[in-house]
Each structure stands twice: as C-alpha cells, then as structure tokens.
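# Residue-level structural notes
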Amino acid sequence: MELLELLPPPMREPVLFAIPFFLLLLLIEWTAARKLEHLTEEDRPGAGSYLARDAWTSLSMGLVSIVTMSVWKFLALLGYAALYTYVAPWQLSATQWYTWVIALVGVDLLFYVYHRMAHRVRVVWATHQAHHSSEYYNFATALRQKWNNSGEILMWLPLPLLGVPPWMVFFAFSISLIYQFWIHTEHIGKLWRPIEFVFNTPSHHRVHHGMDAEYLDKNYGGILIIWDRLFGTFQPEVFRPRYGLTKQVDTFNIWKLQTHEYAAIGRDVRAARRLRDRLGYVFGPPGWQPAPVATRATSDATS
C-alpha cells in the first residue's frame, strides 16, 4: 500500500503492477494447452485451447485499453474531485476500514448495474461487445478489453458523492479487474460450494461468455455473484458454452472489433423512418427491430 500511496492519484493503478503476473499466467496456460488452433469434432475450439491470431488480437486490444483507460480516468478524476470536495456532504477517511468496504462493495454493485445495462442497451453494448468477440475462452480473452470507459465513469459518480476519495474508486475498480482475470479459463472447474455461492468463479463467468440461449444475459457480477442471485440473473453452468457473439464478426482487426457495432447502429438509424425506431436502434436491446408494418397498423388502430 505504501508504494501506491507515494504515487499521485492518477497513477495509483494496481493493474499496471499486475500485468507481469497476467502475462505469466497466460504464458503458462498457453504452453499447457495441447489443442492449439485445433477444432473438436463439433467444429469448435477445444476446451482451453488457443488460436495464436486470436490471442494476439486480445493482447493488442488490452495494451491499447491501458492507454485509453488512463485517459478516461484522468478526465473522470477532475469531475470526481470536484464532487468529492464541493458537493459530498462528508468526506470519508481512507484510513477507516468501512471506507474500503463502501468503495469495494459499491464499485462491485455499480459494476453489476453497468454490466447488465451494457448487455441490454445497444449503444452501451457497442462499447462492451468487443470483450465477447472471441470464440476462445482463456486468459488472453480476459485482456480483450473495451476502449470506451465512459459508461463506467458515469456509473461510479455516486461514490465520490458519498464521500469516497476518488483515487479509492479507481483503486477498487482495478482490484475488480485484477480479480476478473483469473476467471477467464476453462482449466478450473467448479469450486467449493460456499465459494461458488458468493463469488464470481470461472464456472459462472463461462456462462456469461456463452452465446447459447440458456446462457445469454446471465451472470453479470464482477467479484461477487450474489448480485445475480438477488436480482434474478444467475444461471449455473450445466454444459460447456459456445463462446463469442451471436453474430460473429469474423475479423482479427482490432479497430473493426471495437467499432463495428457503432457503425451498425449508424446504418440502422439512417435507414429508419420514424423517430421511435431510431431511438429503438440506439437505446433498445441488441438485436432490437421495429414491429412489422402490419402489427404497427393493428396496434395504432386499437390504441
């Protein structure tokens, strides 16, 4: 902790210190995988396998995300500091244990809310879908991060308003990111039942990355899975998921992977003739479509 406190607030980024361990674990898993670039009899990647181009794509996206996240956090720091200093009714001390509880649990709960919204609101999904774009599930996939963190920045606003020091908000989210790295693997099965009940685990997160109908829009938790249990979005792993997007992008171009959904929204909005349809394409769930003309006419006539 002393080392981090010597750094100015924008530089207190535990993820940077964790990167060597990320890479070490990734290298171990990659080396141990015996089905590199291999498909099973079901014409799908074998459990725990790697595809070299896919892994390098994830690594590249992760490296860029370090830069973009730093920019977003710097911008957020200005707003958070103003709220913490001039608006918050009190300022919590970083030396008190309960401040850390509020920061860590608050970030985790707000992450659940944001993550759920990211899967249900298309314009937010456009920022998040790149993380789900790999058909492989391994430690490299954990590094396939988005470049637009604006949604999370807005979601954390209640914490500085409650008096949590801004740097602690960033620190707590970094802890969440570090935790979520290890759950991106198929080499760890189900854990001891009490752990599976409270915490997000590889089994729970494999479900979240699954494109199967039973697994879609489930298990949004970051560190804790109890939010999903409380709010009705929990799904246990009952079979090995198929990973990736329901409509695969089929490219290793990192720019296209990050931006293709924005482009698709733009095309749909331009093609729409009514304002409600334009709004639906932007703020509706992914895959939203206007009602057929005949259905709309019947609805208008009976309303």
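Residues numbered from 1 in each chain as written. Predicted model: local features only at pLDDT ≥ 70, side-chain atom pairs only at ≥ 80, totals over all residues. Heavy atoms only, no water.

Regarding its fold elements, the protein presents 15 helices and zero strands. A total of 303 residues make up the protein; the buried ones form 47% of that total. Excluding contacts between residues fewer than 6 apart, the proportion of contacts in the protein whose partners are at least 24 apart in sequence is 70%. Of the roughly 15,600 Å² of accessible surface on the protein, 67% is carried by carbon and sulfur atoms. (Helix = DSSP H or I, 4+ residues; strand = E, 2+ residues; numbered from the N terminus. Buried < 20%, exposed > 50% of the residue type's maximum accessible area, 1.4 Å probe, protein only. Contact = heavy atoms within 4.5 Å. Areas by Shrake-Rupley, 256 points an atom, 1.4 Å probe, with all protein chains shown as cover.)

Once that is clear, we can look at the side chain of Thr233. Assignment of secondary structure puts Thr233 in the loop between helix 12 (226-231) and helix 13 (254-271). We classify Thr233 as buried; its relative accessible area is 4%. Apart from the residues within four sequence positions on either side, Thr233 is in contact with Tyr112, Arg116, Asp217, Lys218, Asn219, Tyr220 and Asp228.

Okay, the environment of Leu154 next. Here Leu154 is to be found in helix 7 (residues 150-155). Sequence spacing of Leu154 and Tyr80 is 74 residues, and the spatial spacing of their C-alpha atoms is 10.0 Å.

Side chains of Trp90, Trp97, Tyr98, Val101, Ile102, Leu104, Val105, Leu162 and Ile175 sit close together on the surface and give an oily, nonpolar patch of about 820 Å² of accessible area. Top element by residues in the nonpolar patch is helix 4 (residues 97-120). It accounts for six residues. Residue position: Leu162 is located in the loop between helix 8 (158-161) and helix 9 (166-181). With a relative accessible area of 42%, Leu162 lands in the partly exposed category. (Patch = residues over 30% accessible without salt bridge, like charges linked within 9 Å, V, L, I, M, F, W, Y side chains within 5 Å. Salt bridge = Lys/Arg side-chain N within 4 Å of Asp/Glu carboxyl O.)

Take unusual backbone geometry next. One non-glycine residue, Asp217, lies in the positive phi region at around 60°. Summarising the element assignment, Asp217 is placed in the loop between helix 11 (202-209) and helix 12.

With that settled, the discussion passes to the packing of helix 3 (residues 52-87) against helix 13. Between helix 3 and helix 13, the least distance of the axes is 9 Å, while the angle of their chain directions is 70°. Comparing the axis directions of helix 3 and helix 13 gives the class roughly perpendicular. Between helix 3, through Thr57, Ser60, Met61 and Val64, and helix 13, the contact on the second element is made entirely by Ile254, Leu257 and Gln258. (Axes fitted to C-alpha atoms, helices over the stretch in contact; angles between N-to-C directions. Parallel < 35°, antiparallel > 145°, perpendicular 65-115°, else oblique.)

Before going further, it helps to spend a moment on the side chain of Thr127. Of note, Thr127 is situated in helix 5 (residues 122-128). Looking at Thr127, its side chain comes within polar contact range of the side chain of Tyr114, at 3.4 Å. A distance of 2.6 Å separates a polar atom in the side chain of Thr127 from the backbone oxygen of Val124. Excluding anything up to four places from it in sequence, Thr127 contacts Tyr114, Lys146, Asn148 and Tyr262. (Polar contact = N/O pair within 3.5 Å; in protein donor to acceptor, adjacent residues only side chain to side chain.)

Another aspect to go through is the nonpolar core. Tyr80, Trp156, Val164 and Val169 are the most contacted members of the largest nonpolar core, which totals 27 residues. At the level of secondary structure, the elements contributing two or more residues to this core comprise helix 3, helix 4, helix 7 and helix 9. Tallying contributions element by element places helix 9 first for this core, with eight residues. With residues near it in sequence (within four places) discarded, Tyr80 still touches Glu152, Ile153, Trp156, Leu157, Pro160, Pro166, Val169 and Phe170. (Core = buried A, V, L, I, M, F, W, Y, C linked by side-chain atoms within 4.5 Å.)

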